[in-house]
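Spelled out from the first residue to the last, the chains are:
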Amino acid sequence: MKEILKKLQIKDMNIGACAGQEDWYEDPTAEEVVSYNPATGEPIARVLQATEKTYGQVLNTTVESFKSWRMMPAPKRGLVVRDLGLALRELKEPLGDLVTLEMGKIKAEGHGEVQEMIDICDFAVGLSRQLYGLTMHSERPAHRMYEQWHPLGAIGVITAFNFPVAVWSWNAAIAAVCGDTVVWKPSSDTPLTAVAVQHIANKVMADHGLKGIFNISIGRGSIVGERMINDSRLPLISFTGSTRMGRRVSEAVARRFGSTILELGGNNAIIVAEDADMDMAVRTILFGAVGTAGQRCTTTRRIIMHKSIAKELTDKIVKAYQQVAIGNPLQDGILMGPLVTKGAVEDMMAALEKAEEQGGKVIYGGKRLPDHGEQFVEPTIVKMPAQTEIVHIETFAPILYLLEYEDIEEAIYLHNEVPQGLSSAIFTTNLLTAERYLSHEGSDCGIANVNIGTSGAEIGGAFGGEKETGGGRESGSDSWKGYMRRQTNTINWSKELPLAQGIKFGD
Amino acid sequence: MGTQVTPDTQIEDLVKEYPLAVGFLTRQGIRCIRCGEPLWCTLGELLEEEGVEDLQQFIIELNSFLTKED
């Protein structure tokens with residue numbers, strides 16, 4: 001562990017407010033947060049959290065740096081992000097290990113998360129030469145009309161524990177090439193990965209003679225989070241977290257006419273049709289429901305399966321669950337690590353009680369695993385008689401609810417009947433069923449897949465969802481537009497002054 | 001002396017100091033961690049939002065539960 005921390009410049013005590021290599025801000029009144037290894041319960045290191053004062057110092061630098069950063073040509077900004085990607089390549093292994101150490105996801109997923117950071121940097125470098133605006137034909141003679149995209153400002157990024165570094169990069173890499181500067185509040189459960197990323201970003205910024213482009217303000221939601229969402233110097237807040245908190249963020253930012261990118265709760269289902277390739281479906285369900293110990297926004301939480309194949313599919317899923325190796329996520333061969341906190345374990349156990357009260361039957365798992373550690377649980381399968389209240393709720397744990405359907409209309413009804421709308425999938429070999437599922441009467445989610453699962457999105461697509469998932473889009477496609485402001489320009493190159501709509505005024 | 005959770009206790013502190021409180025609240029239909037993250041508010045604000053009428057009594061029962069489980 002010490003070797004990992006050393007490579008990433010993590011000390012016993014770290015500072016949680018920073019805007020560059022020489023700009024670490026300390027406040028003697030700052031509270032400490034201890035980061036624990038969820039697999040062992042042992043402390044890893046400590047962070048001095050940002051206070052009102054140090055948050056202010058970070059933001060001042062972030063806002064000030066925007067003035068020069070926005071004037072650097074976008075392709076040149078892309079070169080800075082290119083170097084960030086290169087630096088991440090060099091430190092992929094220790095940073096991936098730290099993700100595993102601090103958050104509890106298995107090593108392959110920790111490393112995969114850093115790969116996602118590298119991928120989005122590559123994407124952003126290309127994007128830096130493609131921030132295109134449209135040109136339109138003016139209705140007035142000798143006029144030219146077009147639109148251009150300008151940098152937005154200093155922006156706030158608030159992320160959750162489950163993807164402690166990748167979600168920052170989805171936002172920060174894109175925002176940076178768009179000409180924005182970024183202040184980041186990571187989860188208080190994963191402050192060390194944020195400090196490590198800040199060290200990496202500091203070096204890249206310093207190599208280019210920069211500071212204040214990538215910044216951190218690690219602190220409590222009730223202090224730093226509230227300050228950020230109410231701070232009118234941050235025209236955009238990108239928030240990843242729960243629907244309940246997303247509503248709070250949305251209201252506060254809207255009150256000051258800022259904008260938000262919200263990536264909130266999911267309650268992702270896979271429909272398994274009677275003609276599905278069963279083996280593919282089972283492998284996908286296992287990864288989707290058990291991966292990251294059920295703590296992804298895109299975790300598969302519901303299986304809606306055709307009655308005719310329900311028994312066979314259930315038996316196969318149970319058999320697959322029996323093979324899942326649970327233990328220390330840093331060890332090779334382990335497929336599921338711990339939950340992030342003791343509170344998450346309590347939440348899962350209480351949710352299972354509710355499911356049973358509502359007629360659910362636990363057909364696999366359902367127990368704590370104290371021999372592994374306090375935060376380990378069994379991945380759990382619950383057969384539900386109907387889509388009851390508890391199934392409508394996103395419990396952030398490895399609970400998979402099984403539901404049955406008779407016809408595709410019923411399957412789509414059940415699928416869309418929950419308030420969330422993030423990710424979704426269908427397994428079918430019938431082209432008509434697949435196309436119907438992807439049509440406007442099919443899945444109502446932001447992400448809809450055929451014959452692949454709900455989790456494991458690529459960075460090239462826009463990531464986000466509908467309904468209570470918040471409607472925001474991050475990462476690929478044209479999500480970059482959310483990080484810029486659109487300006488429509490009309491230029492008159494004649495000696496006349498014609499008005500639009502043919503209006504004559506005082507001629 | 002028993003556990004002293006009050007209406008002013010921040011949910012961030014409650015979850016960290018008294019993880020068993022999470023299960024107690026979930027069983028009452030009140031969710032204080034979502035997406036694995038604690039809400040940014042006090043216990044009192046959450047209970048009020050959830051329509052708990054007798055806030056004091058609720059807190060007494062929560063403290064009693066936590067003391068018993070301690």
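Relevant structure appears above.
Our subject in this report is the structure included herewith. Owing to the predicted nature of the structure, the values given are computational and were not obtained by experimental measurement.

## A few points about the sheet that holds strand β11 (residues 259-263) of chain A
Residues and elements named next belong to chain A.
- One open sheet accounts for six strands, arranged β2-β9-β8-β7-β10-β11; its pairing is mixed. Here the strands that pair on one side only, and so sit at the sheet edges, are β2 (17-18) and β11.
- Bridge count between strand β7 (residues 154-158) and strand β10 (residues 236-240): four bridges; the pairing is parallel. Its bridge partner being in β10, glycine 156 is matched across the sheet by isoleucine 237.
- This element, helix α7 (residues 191-207), spans β2, β8 (181-185) and β9 (214-217) of the sheet and lies at about 150° to β9.

## Details of the interface of chain A and chain B
- Facing 34 residues of chain A, the contacting portion of chain B comprises 22 residues.
- Taking both partners together, chain A and chain B bury about 2,400 Å²; carbon and sulfur atoms supply 58% of that area.
- Of all residues in chain A, the largest losses of buried area upon contact with chain B belong to Arg244, Glu346 and Asp347 of chain A, amounting jointly to 25% of the total for that side.
- Inspection of the region where chain A meets chain B yields five salt bridges.
- Across the pair glutamate 12 of chain B and arginine 220 of chain A runs a salt bridge, and its minimum N-O distance is 3.9 Å.
- Here chain A is connected to chain B by ten residue pairs in polar contact (both at pLDDT 80 or more).
- Listed by contribution, the elements that provide at least two residues to the side of chain A that touches chain B are α8 (221-229), α9 (243-255) and α12 (342-357) of chain A.
- In terms of residues, the side of chain A that touches chain B owes the most to one element, α12 of chain A, which gives nine residues.
- Here the residues of the side of chain A that touches chain B are counted per class, giving 14 nonpolar, nine polar and eleven charged.

## As for the state of the cysteines
- Summed over all chains, the structure comprises zero disulfides over all chains.
- Lacking any disulfide linkage, cysteine 297 of chain A is separated from the closest cysteine sulfur, that of cysteine 35 of chain B, by 5.9 Å.
- Among the residues examined, cysteine 297 of chain A registers a relative accessible area of 10% and is labelled buried.
- Left without a disulfide partner, cysteine 41 of chain B is nearest to the cysteine sulfur of cysteine 32 of chain B, which lies 8.9 Å away.
- Residue cysteine 41 of chain B is classed as buried on the basis of its relative accessible area of 6%.

## Here we look at the environment of tryptophan 168 of chain A
All names here are of chain A.
- By secondary structure assignment, the location of tryptophan 168 is in helix α6 (residues 166-177).
- We classify tryptophan 168 as buried; its relative accessible area is 2%.
- Separated by ten residues in sequence, tryptophan 168 and isoleucine 158 place their C-alpha atoms 8.0 Å apart.
- The contacts of tryptophan 168, once residues within four sequence positions are left out, are Leu84, Met117, Val157, Thr159, Val182, Trp184, Val197 and Phe214.

## Regarding the packing of aromatic side chains
- What the rule picks out here adds up to nine aromatic pairs over all chains.
- A centroid spacing of 5.3 Å and a plane angle of 70° characterise the contact between tryptophan 149 of chain A and tryptophan 480 of chain A, whose relative ring orientation is edge-to-face. Taken together, the residues tryptophan 149 of chain A in strand β6 (residues 143-151) and tryptophan 480 of chain A in the loop between β22 (474-475) and β23 (484-492) connect sequence positions 331 residues apart. Residue tryptophan 149 of chain A shares its accessibility class with tryptophan 480 of chain A, and that shared class is buried.
- Their ring planes at 85° and their centres at 6.0 Å tell us that phenylalanine 239 of chain A and tryptophan 40 of chain B sit as a pair that is edge-to-face.

## Some remarks on α6 of chain A
All names here are of chain A.
- The first and last C-alpha atoms of α6 sit 17 Å apart over twelve residues, in line with the 16 Å expected at 1.5 Å per residue.
- In terms of residue burial, α6 counts as a mostly covered element, since twelve of its twelve residues are buried.
- Listed as buried for α6 are Ala166, Val167, Trp168, Ser169, Trp170, Asn171, Ala172, Ala173, Ile174, Ala175, Ala176 and Val177.
- Phi turns positive one or two residues past the end of α6, at glycine 179, with a value near 95°.

## Some remarks on the pattern of salt bridges
All names here are of chain A.
- As enumerated under the stated definition, the model contains 33 salt bridges over all chains in all.
- Residues lysine 467 and aspartate 444 are paired through a salt bridge, measuring 2.6 Å at the closest nitrogen-oxygen approach. Placement of lysine 467 in strand β21 (residues 466-467) and of aspartate 444 in the loop between α14 (431-438) and β19 (447-450) is noted, with a sequence separation of 23 residues between them.
- Judged by its relative accessible area of 37%, lysine 467 is partly exposed.

## With respect to unusual backbone geometry
Residue and element names in this part refer to chain A.
- Its identity as a non-glycine residue notwithstanding, threonine 292 has a phi of 55°, on the positive side.
- We note that serine 477 has phi near 50°; this positive angle belongs to a residue other than glycine.
- By secondary structure assignment, the location of serine 477 is in the loop between β22 and β23.

Parameters and conventions
Residue numbering note: each chain is counted from 1, following its sequence as written. The lettering of chains begins at A and the numbering of ligands begins at 1, in the order of writing. Only residues with pLDDT of at least 70 get local features here, since the model is predicted, and only at 80 or more are side-chain atom pairs given and counted; chain-wide, interface and lining totals rely on the full set of residues. Note: side-chain values were computed over all heavy atoms of the structure, leaving out hydrogens and water. Strand pairing requires that DSSP identify at least two bridges connecting the strands. In DSSP terms, a helix is any run of H or I states spanning at least four residues, a strand is any run of E spanning at least two, and both are numbered starting from the N terminus. Two residues form a contact once any of their heavy atoms are found within 4.5 Å. Every axis corresponds to a line fitted to the C-alpha atoms, with the helix fit spanning only the stretch in contact, and the corresponding angles, defined between N-to-C directions, vary from 0 to 180 degrees. A simple way to read buried area is as the amount of 1.4 Å-probe accessible surface that goes missing from two parts once joined, with both sides added. Salt bridge criterion: a side-chain nitrogen from Lys or Arg within 4 Å of a carboxyl oxygen from Asp or Glu. We call two N or O atoms a polar contact when they sit within 3.5 Å, provided that within protein one can donate a hydrogen and the other can accept it, with sequence-adjacent residues counted only if both atoms are side-chain atoms. In this count, Pro and Cys sit with the nonpolar residues alongside Ala, Val, Leu, Ile, Met, Phe, Trp and Tyr, while Asp, Glu, Lys and Arg are called charged and the others, Gly among them, polar. When the sulfur atoms of two cysteines come within 2.5 Å, that pair is taken as a disulfide. Three labels apply to residues, based on accessible area from a 1.4 Å probe with only protein chains included: buried if under 20% of the type maximum, exposed if over 50%, partly exposed otherwise in between. Aromatic rings from Phe, Tyr and Trp, taking only the six-membered ring of Trp, are treated as a pair when their centres fall within 6.5 Å; an angle between ring planes under 30 degrees marks them as stacked, one over 60 as edge-to-face, and anything in between as tilted. For a helix, the expected span equals 1.5 Å multiplied by the number of residues minus one.

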